[in-house]
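Each chain, written out:
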Amino acid sequence: MDREKETSSFSRLMEFTKGFQGRYVLSVIIAIIGVACGLIPYFMVSKMLVALLDGNKEVSFYVTQCLIAGVGYLGKSLFHNVSTYISHKATFAVISVIRYQVVKKLSNVPLGYILDTPSGKFKDTTVEKIDSIEPTLAHVVPEMTSNFLVPIAIVIYLFVIDWRMALVSLITLPVGFICYMGMMNGYGEKYAGMIEKEKEMSAVTVEYINGIEVIKAFNQSATSYKRFTTVVRAYSNYSINWMRSVQIYFAMGMAIWPAVLVGVLPVGAYFYMTGSLTSASFIMIMILSLGIMGPLLAAMGYTDDLAKIGAIVKDICEVIDQPELIRPEKETTISDYDISLKDVHFSYGDSEVLHGINLEIPKNTVTAFVGPSGGGKSTIAKLIASLWDVSSGSISIGDKDIKDISLKQFSHVMTYVSQDNYLFDDTIMNNIRMGNPDASDEEVVQIAKDSGCHEFIMSLEQGYQTIVGGAGGHLSGGERQRITIARAMLRNTPIVILDEATAYTDPENEAVIQRAVAKLVDGKTLIVIAHRLSTITDSDKIVVVDNGNIHAQGTHDELLKSDELYKSMWLSHIQSKDKEVSNV
Ligand SMILES: Nc1ncnc2c1ncn2[C@@H]1O[C@H](COP(=O)(O)OP(=O)(O)OP(=O)(O)O)[C@@H](O)[C@H]1O
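Because the structure is a prediction, the values reported are computed rather than measured.

*Asks:* Before we go on, may I ask you to explain helix α18 (residues 441-450) in this structure?
*Replies:* Residue pairs three or four apart in sequence face the same way in an α-helix, which turns once every 3.6 residues. Every buried residue of α18 is accounted for by Val 444, Ile 447 and Ala 448. Buried residues of α18 fall within an arc of 105 degrees about the axis and therefore sit on the same side. In the segment just after α18, Gly 452 is the residue with positive phi, at about 75 degrees.

*Asks:* Where do I start with the site of the ligand in this structure?
*Replies:* The local shell around the ligand consists of Asp 116, Tyr 348, Val 353, Gly 371, Ser 373, Gly 374, Gly 375, Gly 376, Lys 377, Ser 378 and Thr 379. Among the elements that make up the shell around the ligand, the one with the highest residue count is helix α15 (residues 377-384) (three residues). Here the residues of the shell around the ligand are counted per class, giving two nonpolar, seven polar and two charged.

*Asks:* Help me understand the nonpolar core in this model?
*Replies:* Ile 384, Ala 486 and Ile 497 are the most contacted members of the largest nonpolar core, which totals 60 residues. At six residues, helix α20 (residues 477-491) tops the list of elements feeding residues into this core. Residue contacts for Ile 384: discarding those within four places in its chain leaves Ile 339, Ile 395, Ile 497 and Ile 527.

*Asks:* Just to check I follow, could you spell out the environment of Leu 173 for this structure?
*Replies:* Mapped onto the secondary structure, Leu 173 falls in helix α8 (residues 173-184). Residue classification places Leu 173 among the partly exposed positions, given that 17 C-beta atoms sit within 10 Å. A C-alpha to C-alpha distance of 8.4 Å links Leu 173 and Met 293, two positions 120 residues apart in sequence.

*Asks:* Mind showing me how you'd approach the packing of helix α12 (residues 261-273) against helix α13 (residues 279-301) here?
*Replies:* The relative placement of two packed helices comes down to the angle between their axes together with the axis-to-axis distance. Between α12 and α13, the shortest axis-to-axis distance is 10 Å and the interhelical angle comes to 175 degrees. Relative to α13, α12 is oriented roughly antiparallel. Residues Leu 261, Val 264, Gly 268 and Tyr 272 of α12 form the contact with α13, whose own contacting residues are Ser 279, Phe 282, Ile 285, Met 286 and Ser 289. Split into classes, the residues belonging to the contact of α12 with α13 amount to six nonpolar, three polar and no charged.

*Asks:* Quick question: what am I supposed to make of helix α3 (residues 59-108) here?
*Replies:* With 50 residues, α3 ought to run about 74 Å at 1.5 Å a step, and its terminal C-alpha atoms sit 73 Å apart, in line with that. Of all the positions in α3, only Phe 79, His 80, Ser 83, Ile 86, Ser 87, Ala 90, Thr 91, Val 94 and Ile 98 are classed as buried.

*Asks:* Help me understand the packing of helix α2 (residues 21-53) against α13 in this model?
*Replies:* Two numbers describe how α2 lies on α13: the axes approach to 9 Å, and their chain directions differ by 155 degrees. One element, α2, and the other, α13, form an angle in the roughly antiparallel class. When the axes of α2 and α13 are compared, the crossing they make is right-handed. Residue-level contacts link Val 35, Leu 39, Tyr 42, Val 45, Ser 46, Leu 49, Val 50 and Leu 53 of α2 to Ser 279, Ala 280, Ile 283, Met 284, Ile 287, Leu 288, Gly 291 and Pro 295 of α13. When grouped by side-chain class, the residues that make up the contact of α2 with α13 number 13 nonpolar, three polar and no charged.

*Asks:* Would you take a moment to explain the UniProt feature "transmembrane region" (unreviewed entry) in the chain for this structure?
*Replies:* In this numbering, the UniProt entry assigns the feature "transmembrane region" (unreviewed entry) to residues 21-44, 59-79, 140-160, 166-187, 248-273 and 279-299. Helix makes up 100% of residues 279-299 and strand makes up 0%, while its end C-alpha atoms are separated by 32 Å.

*Asks:* I tried to follow unusual backbone geometry on my own but got confused; where do I start?
*Replies:* Of all residues except glycine, most have a negative phi; of all peptide bonds, most are trans. Despite not being glycine, Asn 364 has its phi angle at roughly 60 degrees, a positive value. Checked against the element boundaries, Asn 364 lands in the loop between β2 (351-361) and β3 (366-370).

*Asks:* Whenever I open this one, the sheet that holds strand β1 (residues 339-348) confuses me. Can you help?
*Replies:* Note on sheets: strands pair through backbone hydrogen bonds, and any given pair is parallel or antiparallel. Within the open sheet, the four strands sit side by side as β2-β1-β4-β5. Their pairing is antiparallel. Each edge of the sheet is formed by a strand with only one pairing partner; in this case those strands are β2 and β5 (400-401). Pairing of β1 with β2, which is carried by eight bridges, proceeds in the antiparallel orientation. Paired with His 345 across the bridge in β2 is His 355.

*Asks:* I'm lost on the sheet that holds strand β6 (residues 414-418) in this one. Help?
*Replies:* On the basis of which strands lie adjacent, the open sheet formed by six strands has the order β6-β7-β8-β3-β9-β10 and mixed pairing. The open sheet has two free edges, formed respectively by β6 and β10 (549-554), since each of these has just one partner strand. Ignoring which end each strand starts from, the neighbouring axes of this sheet average 15 degrees apart. The pairing of β3 with strand β9 (residues 541-546) spans four bridges and is parallel. Bridge pairing in β9 places Phe 369 opposite Val 543. α15 contacts β3, β7 (495-499), β8 (525-529) and β9 of the sheet and is inclined by roughly 150 degrees relative to β8. Those strands touched by α20 are β6 and β7, and its axis lies near 175 degrees from that of β6.

*Asks:* When you look at the pairing of β10 in this model, what are you seeing that I'm missing?
*Replies:* A regular strand carries its side chains on alternate faces of the sheet. Both β9 and β10 contribute to a ladder of five bridges, which runs antiparallel. Counted as the bridge partner of Val 545 is Ile 550 from β10. Where β9 folds back onto β10 in an antiparallel hairpin, the turn is made up of two residues, including Asn 547, whose phi is positive at roughly 55 degrees.

*Asks:* Is there a simple way to think about the environment of Ala 203 in this case?
*Replies:* Position of Ala 203 among the secondary structure elements: in helix α9 (residues 187-210). By C-beta crowding, Ala 203 is classed as partly exposed, having 14 other C-beta atoms within 10 Å. As for Ala 203 and Phe 228, which are separated by 25 residues in sequence, their C-alpha atoms are 9.6 Å apart.

The rules we used
- Here the residue numbers are simple positions, counted from 1 along each chain's written sequence.
- At least 70 in pLDDT is required for a residue's local features to be given in this predicted model, at least 80 for side-chain atom pairs to be given and counted, and no such filter applies to totals for whole chains, interfaces and linings, which use all residues.
- Buried residues are those with 20 or more other C-beta atoms within 10 Å of their own C-beta, exposed residues have 12 or fewer, and partly exposed residues lie in between; C-beta atoms are placed from the backbone.
- Helix and strand definitions here come from DSSP, where helices need a minimum of 4 consecutive H or I residues and strands a minimum of 2 consecutive E residues; each element is numbered from the N-terminal end.
- Comment: arc refers to directions from the helix axis out to C-beta atoms.
- Only the C-beta atom, placed from the backbone, is used; a residue is near a molecule or strand if that atom lies within 6 Å of it.
- When residue character is reported, Ala, Val, Leu, Ile, Met, Phe, Trp, Tyr, Cys and Pro are called nonpolar, Asp, Glu, Lys and Arg charged, and the others, Gly included, polar.
- As used throughout, a nonpolar core is a set of buried Ala, Val, Leu, Ile, Met, Phe, Trp, Tyr and Cys residues joined through C-beta atoms within 7 Å of each other.
- Throughout, a pair of residues is in contact if the C-beta atoms placed from their backbones lie within 7 Å.
- To obtain each axis, a line is fitted to C-alpha atoms, and for helices this fit is confined to the stretch in contact; angles are then taken between N-to-C directions over 0 to 180 degrees.
- Comment on the angle field: the value is read as roughly parallel under 35 degrees, roughly antiparallel over 145, roughly perpendicular from 65 to 115, and oblique elsewhere.
- Expected span, for any helix, means 1.5 Å times one less than how many residues it has.
- In this scheme, a crossing is called left-handed if the near helix is turned counterclockwise away from the far one by less than a right angle; it is called right-handed if the turn is clockwise.
- UniProt positions are given in the numbering used here, feature names are shortened, and annotations may be inferred rather than shown by experiment.
- We call two strands paired when DSSP finds no fewer than two bridges between them.

Here it is in structure tokens:
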């Protein structure tokens with residue numbers, strides 16, 4: 001199973017490298033030439049030793065050998081660098097292809113998937129995870145291949161010189177191999193465990209930092225810090241235990257594996273003394289055998305990177321393989337803007353939260369969703385806004401199922417504003433203009449006036465040129481919401497959904513915004529979700545949603561007369577308002 005997963009991760013990785021494989025092959029070939037050049041000094045040294053033993057005193061011979069050795073050494077560096085350059089160039093191209101695929105995917109998946117996934121995860125995948133492919137692709141491919149091939153070439157050469165000595169030069173290989181197997185035993189599970197601990201540590205760290213305000217306010221520093229130190233300690237203990245369990249194999253491997261002379265020296269000396277091995281061959285074998293294990297050890301070092309790549313590619317593919325919102329590319333004609341929901345069911349994962357919603361929302365009307373918390377109001381709004389696809393049933397606008405409307409066209413039909421719509425770290429002017437990039441400064445100011453936020457913007461030192469900070473952090477919750485509403489209004493779409501868009505606003509400002517919105521949406525279809533019932537009593541239709549079903553619908557007066565649930569919600573709302581007044 002693990003092997004299967006690794007194979008599929010590997011084949012996915014190969015898919016990403018399509019179009020660049022030629023460059024990798026070239027980098028491998030050049031890397032092999034580089035490693036082969038690196039062996040030239042070994043040959044030259046052995047030749048000089050043989051010459052010395054033979055009593056050769058010709059200086060020019062030694063100078064030539066030294067020069068050739070130097071050229072070999074330079075060649076090794078040169079080819080290594082060229083190979084690395086080519087493989088890096090290919091790798092950065094591959095990395096940008098993967099990043100492009102991930103980001104493209106994010107613009108095609110249901111928006112709900114993005115909203116429901118911690119943004120840290122996407123950042124982690126798009127930046128860190130994708131980056132961590134680089135060492136494997138850029139280094140492992142050329143270097144590991146060449147480091148394996150060159151020792152093989154040396155051993156073949158040794159067999160040509162003297163097959164007995166070639167076998168002797170491999171004497172440490174089985175021991176080294178056993179040590180390696182010991183080190184790699186259960187690597188998959190151990191590495192997965194390490195990743196789990198790492199994820200836990202990063203989740204607790206992010207939570208600790210994000211929640212620092214609450215932690216301080218509730219004096220929870222000691223408890224939260226303890227959770228943080230516990231996971232950090234768990235991670236370091238896990239790593240240390242793992243290292244400890246393989247240390248003996250590692251130490252033995254490192255000591256025994258490269259010690260080829262342990263066999264080559266005594267056996268070679270014996271063959272030399274018994275006359276079956278010439279001194280020249282003996283020296284050559286001694287020196288060349290030293291070049292076998294070094295590259296092999298270096299190559300083995302990369303198997304760790306190869307083992308990791310499976311987990312990394314799996315994480316990346318988890319995003320790339322997300323199902324997309326299937327929508328046509330071509331624009332269509334929409335007869336009108338009546339919205340109709342027919343037997344709509346919807347599940348988050350396995351749990352169904354909407355159980356057959358039937359609802360008609362006529363164009364140019366104001367419809368409010370109310371009901372107990374968790375009843376499904378936001379989910380219905382998100383389905384109408386196409387943030388998710390229905391599990392079954394259908395939603396149509398005019399005569400068109402929303403699945404038959406292209407995303408681009410849909411964005412001109414509907415605006416969805418939630419309580420935490422994002423503001424970019426830019427000026428207020430540019431943030432509002434995002435609703436319509438073609439709008440002039442005057443139009444932006446006009447819509448801000450119409451949405452009731454001109455005054456507060458002008459009270460800021462830089463006015464419309466005020467930078468709102470990351471995610472609008474320099475503004476209050478209410479101010480952020482008023483700007484997002486102005487931005488939405490500038491879009492000027494025939495359908496507008498306000499999903500608790502005024503939740504952070506105080507009652508006084510909420511009334512201002514509601515009046516402004518009512519004016520702005522004149523002639524549009526407006527769907528509102530609001531917890532303060534007094535703000536929606538004038539709606540053309542109020543829909544009471546409870547437990548994933550439509551419990552009742554009608555005007556405020558009708559519902560007060562006919563629906564107990566609405567009546568009790570209204571009474572408790574009035575009571576809480578009375579309390580607010582009496583507290584003042
Ligand atoms: N992303 C999600 N993943 C899993 N379950 C969800 C998700 N969003 C909402 N739910 C669940 O779906 C149900 C309906 O939630 P929804 O937010 O639509 O209700 P709501 O009526 O808008 O609630 P509230 O008034 O508190 O905002 C709830 O049980 C909620 O826990």
